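A look at the structure
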Amino acid sequence: MFSLGHVEGTACCGRISRHDVPVRSTFVGIDDIREAPKTAVVIDVMRAFTVAAWAFARGAQRIVFAETLASARELKTRHPDWLALQDGAPLPGFDLVNSPGLLRSVDLQGRTVIQKTTAGTVGALSVADADVVLCASFVVADATALFLLDHRPDEVTFVVTGDGGHAEEDLACAEYIAERVTASVVQAAPYIERARNSTAAARLNDGVLQGYEGIHPDDVDLCLDLNAFSFIMLATRENSHMVLHPTRPAADSTRG
Ligand SMILES: O=C(O)[C@H](CS(=O)(=O)O)OP(=O)(O)O
Ligand SMILES: [Mg+2]
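Basis of the calculations
Residues numbered from 1 in each chain as written. Chains lettered and ligands numbered in written order. Predicted model: local features only at pLDDT ≥ 70, side-chain atom pairs only at ≥ 80, totals over all residues. Heavy atoms only, no water. Near = heavy atom within 4 Å. Polar contact = N/O pair within 3.5 Å; in protein donor to acceptor, adjacent residues only side chain to side chain. Areas by Shrake-Rupley, 256 points an atom, 1.4 Å probe, with all protein chains shown as cover. 1 Å grid on protein atoms, 1.4 Å probe; cavity = no way out; pocket = protein on both sides within 12 Å on 5 of 7 lines; lining within 4 Å. Sits in = over half its atoms within 2 Å of the grid points. Helix = DSSP H or I, 4+ residues; strand = E, 2+ residues; numbered from the N terminus. Buried < 20%, exposed > 50% of the residue type's maximum accessible area, 1.4 Å probe, protein only. Donors = N, O, S within 2.8 Å, 3.2 Å for Na, K, Ca; no water. Disulfide = S-S within 2.5 Å. Phe/Tyr/Trp six-rings, centres within 6.5 Å; stacked < 30°, edge-to-face > 60°.

1. Some details on the site of ligand 1
Taken together, Asp44, Met46, Arg47, Ala48, Asp87, Asn98, Thr117, Thr118, Ala119, Gly120 and Arg203 form the complete shell of residues around ligand 1. The side chain of Thr117 places a nitrogen or oxygen atom 2.6 Å from an oxygen atom of ligand 1. Within the side chain of Arg203, a nitrogen or oxygen atom sits 2.9 Å from an oxygen atom of ligand 1. Within the complex, 80% of the 360 Å² of free accessible area of ligand 1 lies under protein. Counting atoms within 2 Å of the grid points, the majority share of ligand 1 lands in the largest pocket.

Right, here's the structure in full:
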């Protein structure tokens, strides 16, 4: 498996290292998107794409994004064996909630999950026409950076889904991934601390204190668990749906 940590950050012995090819990164909120970018990385750390990664870790085969709660219920009606997931307190007609702490004990082997959340799934659907759509969070950060390093698009549009494009946890994760693509060594701790001190983290911790359903005491820590998983999450169009799949970056053999 290719290790990002060992790629030289500068030209060495005449060899142009991978990091010398600039990848231009832009960071936008959902409402800033006017046209589909070529390569989009949709970030939702707390909690949609931490939850999505945990769903795959628990055996889910794919995740279908729903535009609205109503369309999620309609999909569930048409496909009763699919599991419907939404954020907030449990709702009638839904099977799961958008909590990694609650999801990590559920067996999802071979299942299709319908996911509708406040920000993450909206962000993914807003760039559905992009050539490449990755959905990411800290738990798949380096794998996502490796994919970008491998594919080296000229430009990457990071969609910061939370708080109108200003969610500190999402921006920190996006900046970490962007840095991981261009620099050979990156200290992750400052990025993780920005997320730990974010409004979203405070909201979740407060929700635990208030006893809100649909939040687990471990949710924040699970969202900050850097590189818990080594797969990426690629979203593609399937018929009229946008579907997320876990994909392993190609095993490295010849990368310099
Ligand atoms: O479920 C979550 O943690 C959030 C709720 S909110 O956006 O912070 O209100 O939704 P998500 O779409 O996962 O960011
Ligand atoms: Mg979020």
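From this point on, the discussion continues.
2. Some words on the environment of Thr118
Residue placement: Thr118 occurs in the loop between strand S6 (112–116) and helix H4 (120–126). Residue Thr118 is classed as exposed on the basis of its relative accessible area of 61%. C-alpha separation for the pair Thr118 and Phe158, spaced 40 residues apart in sequence, amounts to 18 Å. Side chain to side chain, Thr118 and Asp87 meet in a polar contact 2.5 Å long.

3. Digging into the coordination of the magnesium ion (ligand 2)
Coordination sphere of the magnesium ion (ligand 2), protein contribution only: Asp44 (OD) and Met46 (O), at 2.1 to 2.3 Å. For Met46, a relative accessible area of 12% corresponds to the buried category.

4. Some points on the state of the cysteines
In protein chemistry, a disulfide is the covalent bond that joins the sulfur atoms of two cysteines. Within the structure shown, the criterion is met by zero disulfides. With no disulfide partner, Cys173 has as its closest neighbouring cysteine sulfur the one in Cys223, 10 Å distant. Among the residues examined, Cys223 registers a relative accessible area of 0% and is labelled buried.

5. Describing the packing of aromatic side chains
The relation between two aromatic rings is expressed through the spacing of the ring centres and the mutual angle of the planes. In the structure shown here, the tally under the stated rule is seven aromatic pairs. When the ring of Phe27 is compared with that of Phe158, the centres are 5.3 Å apart and the planes differ by 15°; the resulting orientation is stacked. With a gap of 131 residues between them, Phe27 in strand S1 (residues 24–28) and Phe158 in strand S8 (residues 155–160) connect regions that are remote in the sequence. A residue is classified by how much of its surface remains accessible, and Phe27, at 35% relative accessible area, is partly exposed. Exposure remark for Phe158: the relative accessible area of 0% places this residue in the buried category. Between Phe49 and Phe65, the aromatic rings sit 6.0 Å apart at their centres with planes inclined by 50°, giving tilted as the arrangement. Of this pair, Phe49 sits in helix H1 (residues 48–57) while Phe65 sits in strand S3 (residues 62–65); the two residues are 16 residues apart in sequence, bridging distant segments of the chain. A single burial state applies to Phe49 and to Phe65, both of which are buried. Joined through ring pairs, the aromatic side chains of Trp54, Phe56, Phe229 and Phe231 make up one cluster.

6. Here's the deal with unusual backbone geometry
Cis geometry marks the peptide bond from Met46 to Arg47, where omega comes out at 0°. Relative to the assigned elements, Arg47 resides in the loop between strand S2 (39–43) and H1. For Asn227, which is not a glycine, the phi torsion comes out positive at approximately 55°. Among the secondary structure elements, Asn227 is positioned in the loop between helix H9 (219–223) and strand S9 (232–238). Backbone geometry places Asn239, a non-glycine residue, at a positive phi of 55°. With respect to the secondary-structure elements, Asn239 resides in the loop between S9 and strand S10 (241–247).

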